[in-house]
Amino acid sequence: MREKLLQIRKQLFDIIDDIDVTINTTEVTKKGNRAIVHGETVLAIRAGHGGLEPITGEYTTSGKQWQHPDIDIKLHGKKTFYEGVWNRTIADMLYNSLWNINIPCIKIHHEWKDERLMSQCDKINKIHRNSNPIALLFELH
């Protein structure tokens, strides 16, 4: 039963991801009272590796983690440092800082899923060609 539920959950997340890619390539994003307009040049931010899966709390990238013997990492209260979680924290800080000085930007990465580099490149190219030219890509690893 648990295996079947996990399989259904994965299928649901895959559908949501497909919808997310479609939305992000047409209307892109809003921040506060300002929305990115179709055709407006933007900066893109991509956090490498995956994050923590919200239901199970499992890290989605094999490797790319470091176990600290003594202290809890304040980021998520565990003794393990996850590179992808840290990358997303920095990406969020950069995203908010750019919007605070009125520079339109978008996040390319999935909230927690570790996506293949090729699918990320496809998403970036699709946004650049079809909706918003990307002036610069911040790749955080």
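Coordinates for the structure precede this section.
Computed from a predicted model, the values in this text were never measured in an experiment.

**Considering the environment of Thr61**
Stage number 1. Within the element layout of this structure, Thr61 appears in the loop between β3 (42–47) and β4 (65–67).
Stage number 2. Residue classification places Thr61 among the buried residues on the basis of a relative accessible area of 6%.
Stage number 3. Sequence separation between Thr61 and Asp114 is 53 residues, and the spatial gap between their C-alpha atoms is 6.1 Å.
Stage number 4. Excluding residues that lie within four positions of it along the chain, Thr61 makes contacts with His49, Gly50 and Asp114.
Stage number 5. Within the structure, the side chain of Thr61 is placed 2.6 Å from the backbone nitrogen of Gly50, a separation counted as a polar contact.

**A short note on the environment of Thr41**
Stage number 1. Looking at where Thr41 falls in the secondary structure, it is placed in the loop between β2 (34–35) and β3.
Stage number 2. For the pair Thr41 and Pro104, spaced 63 residues apart in sequence, the C-alpha to C-alpha distance is 7.7 Å.
Stage number 3. Apart from the residues lying within four places of it in its own chain, the contact partners of Thr41 are Pro104, Pro133 and Ala135.

**As for the packing of aromatic side chains**
Stage number 1. All chains considered together, the criterion is met by three aromatic pairs.
Stage number 2. Judged by centre distance (6.3 Å) and plane angle (50°), the rings of Phe81 and Trp86 are tilted.
Stage number 3. Its relative accessible area of 28% is what places Phe81 among the partly exposed residues.
Stage number 4. The exposure class assigned to Trp86 is partly exposed, which follows from its relative accessible area of 39%.
Stage number 5. Lys107 extends its terminal NZ or CZ atom over the ring of Tyr95, reaching a point 4.6 Å from the ring centre.

What counts as what
- Residues numbered from 1 in each chain as written.
- Predicted model: local features only at pLDDT ≥ 70, side-chain atom pairs only at ≥ 80, totals over all residues.
- Heavy atoms only, no water.
- Helix = DSSP H or I, 4+ residues; strand = E, 2+ residues; numbered from the N terminus.
- Buried < 20%, exposed > 50% of the residue type's maximum accessible area, 1.4 Å probe, protein only.
- Contact = heavy atoms within 4.5 Å.
- Polar contact = N/O pair within 3.5 Å; in protein donor to acceptor, adjacent residues only side chain to side chain.
- Phe/Tyr/Trp six-rings, centres within 6.5 Å; stacked < 30°, edge-to-face > 60°.
- Lys NZ or Arg CZ within 6 Å of the ring centre and 35° of its normal.

The values reported here are purely geometric and, on their own, carry no functional implication.
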